[in-house]
Amino acid sequence: MLGKPGCHLCDDARAIIERVAAELDVRVEERDITASEEDTRLYWEQIPVTLINGVQHDFWRVDENRLRAAITELRARR
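Residues numbered from 1 in each chain as written. Predicted model: local features only at pLDDT ≥ 70, side-chain atom pairs only at ≥ 80, totals over all residues. Heavy atoms only, no water.

In terms of regular secondary structure, the protein is built from three helices and four strands. Reading the secondary structure of the protein in the N-to-C direction produces β-α-β-α-β-β-α. Taking 12 Å as the expected radius of gyration for a compact globule of 78 residues, we find that the protein reaches 12 Å, a close match to that expectation. Principal axes of the C-alpha set define a box for the protein whose edges measure 35 × 20 × 15 Å. The 78 residues of the protein split such that 35% are buried. (Helix = DSSP H or I, 4+ residues; strand = E, 2+ residues; numbered from the N terminus. Rg over C-alpha atoms; globule rule 2.2 N^0.38 Å. Buried < 20%, exposed > 50% of the residue type's maximum accessible area, 1.4 Å probe, protein only.)

Structure representation (C-alpha coordinates):
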(Lines give C-alpha, C1' and ligand atoms only; values in the text may rest on other atoms or scores of the structure.)
Protein backbone atom coordinates (compact mmCIF):
# COMPACT_ATOMS: atom_id res chain seq x y z
CA MET A 1 0.00 0.00 0.00
CA LEU A 2 1.16 3.50 -0.81
CA GLY A 3 -0.03 6.20 1.53
CA LYS A 4 1.06 9.11 3.69
CA PRO A 5 0.83 10.08 7.34
CA GLY A 6 -2.42 11.70 8.44
CA CYS A 7 -4.46 10.24 5.58
CA HIS A 8 -7.81 8.95 6.89
CA LEU A 9 -8.47 7.01 3.67
CA CYS A 10 -5.10 5.32 4.18
CA ASP A 11 -6.14 4.29 7.68
CA ASP A 12 -9.36 2.78 6.31
CA ALA A 13 -7.50 1.00 3.50
CA ARG A 14 -4.85 -0.30 5.88
CA ALA A 15 -7.48 -1.95 8.09
CA ILE A 16 -9.05 -3.73 5.11
CA ILE A 17 -5.72 -4.76 3.61
CA GLU A 18 -4.44 -6.11 6.92
CA ARG A 19 -7.65 -8.09 7.46
CA VAL A 20 -7.51 -9.68 3.99
CA ALA A 21 -3.76 -10.30 4.27
CA ALA A 22 -4.18 -12.08 7.60
CA GLU A 23 -7.03 -14.17 6.23
CA LEU A 24 -5.09 -15.20 3.12
CA ASP A 25 -1.68 -15.30 4.82
CA VAL A 26 0.03 -12.78 2.55
CA ARG A 27 2.69 -10.24 3.37
CA VAL A 28 1.84 -6.53 3.38
CA GLU A 29 4.28 -3.70 2.73
CA GLU A 30 3.44 -0.06 3.21
CA ARG A 31 5.35 2.82 1.65
CA ASP A 32 5.06 6.48 2.62
CA ILE A 33 4.89 8.47 -0.62
CA THR A 34 6.28 11.56 1.09
CA ALA A 35 9.64 9.76 1.43
CA SER A 36 10.13 9.80 -2.34
CA GLU A 37 9.75 12.72 -4.76
CA GLU A 38 8.82 10.28 -7.54
CA ASP A 39 6.14 8.53 -5.44
CA THR A 40 4.74 11.90 -4.39
CA ARG A 41 4.59 13.07 -8.01
CA LEU A 42 3.03 9.84 -9.27
CA TYR A 43 0.56 9.05 -6.51
CA TRP A 44 -0.32 12.25 -4.59
CA GLU A 45 -3.82 12.46 -6.09
CA GLN A 46 -4.54 8.73 -5.75
CA ILE A 47 -3.60 7.67 -2.23
CA PRO A 48 -4.10 5.23 -0.82
CA VAL A 49 -2.92 3.07 -3.68
CA THR A 50 -3.11 -0.70 -3.42
CA LEU A 51 -0.53 -2.72 -5.32
CA ILE A 52 -0.51 -6.47 -5.75
CA ASN A 53 2.96 -7.77 -6.61
CA GLY A 54 3.94 -4.27 -7.70
CA VAL A 55 0.98 -3.76 -10.04
CA GLN A 56 -1.60 -1.10 -9.19
CA HIS A 57 -4.85 -2.73 -8.16
CA ASP A 58 -6.88 0.11 -6.64
CA PHE A 59 -6.73 3.66 -5.38
CA TRP A 60 -8.70 5.90 -2.97
CA ARG A 61 -10.89 3.15 -1.53
CA VAL A 62 -10.22 -0.55 -1.11
CA ASP A 63 -13.03 -2.96 -1.87
CA GLU A 64 -12.43 -5.90 0.46
CA ASN A 65 -14.14 -8.49 -1.75
CA ARG A 66 -12.37 -7.27 -4.90
CA LEU A 67 -8.99 -7.38 -3.15
CA ARG A 68 -9.64 -10.88 -1.79
CA ALA A 69 -10.73 -12.10 -5.24
CA ALA A 70 -7.67 -10.61 -6.95
CA ILE A 71 -5.26 -12.26 -4.52
CA THR A 72 -7.11 -15.57 -4.72
CA GLU A 73 -7.07 -15.47 -8.53
CA LEU A 74 -3.36 -14.66 -8.60
CA ARG A 75 -2.64 -17.64 -6.36
CA ALA A 76 -4.75 -19.94 -8.54
CA ARG A 77 -2.68 -19.00 -11.62
CA ARG A 78 0.59 -20.04 -9.98
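There's plenty left to go through after this.
Counting residues in each nonpolar core, the largest one holds 19 residues, and the members touching the most others are Ile17, Val20, Tyr43, Ile47, Val62, Leu67 and Ile71. Ranked by residues supplied to this core, first place goes to helix H1 (residues 8–24) with seven residues. Other than its neighbours up to four places away in sequence, Val20 contacts Glu64, Leu67, Arg68 and Ile71. (Core = buried A, V, L, I, M, F, W, Y, C linked by side-chain atoms within 4.5 Å. Contact = heavy atoms within 4.5 Å.)

Turning our attention to the packing of H1 against helix H3 (residues 64–77). Running from N to C, H1 and H3 point in directions that differ by 35°, and their axes come no closer than 10 Å. Judged by the sense of rotation from one axis to the other, the crossing of H1 with H3 is right-handed. Contacts between H1 and H3 involve Ile16, Ile17, Arg19, Val20, Glu23 and Leu24 from the first element and Glu64, Leu67, Arg68, Ile71, Thr72 and Arg75 from the second. Partitioned by chemical class, the residues of the contact of H1 with H3 number six nonpolar, one polar and five charged. (Axes fitted to C-alpha atoms, helices over the stretch in contact; angles between N-to-C directions. Left-handed = near helix turned anticlockwise from the far one by under 90°. Nonpolar A, V, L, I, M, F, W, Y, C, P; charged D, E, K, R; others polar.)

On to the pairing of strand S3 (residues 49–52). Of the strand pairs in this sheet, S3 and strand S4 (residues 55–59) are connected by four bridges, and their pairing is antiparallel. Bridge pairing links Val49 to Phe59 in S4. (Pairing = 2+ DSSP bridges.)

Glancing now at the pattern of salt bridges. It is possible for side chains bearing opposite charge to pair when their charged atoms get close. Tallying each qualifying case throughout the model produces eight salt bridges. Where Asp11 meets Arg14, a salt bridge forms, and the shortest distance between an N and an O atom there is 2.8 Å. One end of the pair is Asp11 and the other is Arg14, both in helix H1 and three residues apart, which spans about a single turn. Residue classification places Asp11 among the partly exposed positions, given a relative accessible area of 44%. With relative accessibility at 23%, the residue Arg14 sits in the partly exposed group. In this structure, Arg27 engages Glu29 in a salt bridge whose closest nitrogen and oxygen atoms are separated by 2.2 Å. Here the residues in one salt-bridge network are Arg19, Glu23, Glu64 and Arg68, joined through shared partners. (Salt bridge = Lys/Arg side-chain N within 4 Å of Asp/Glu carboxyl O.)

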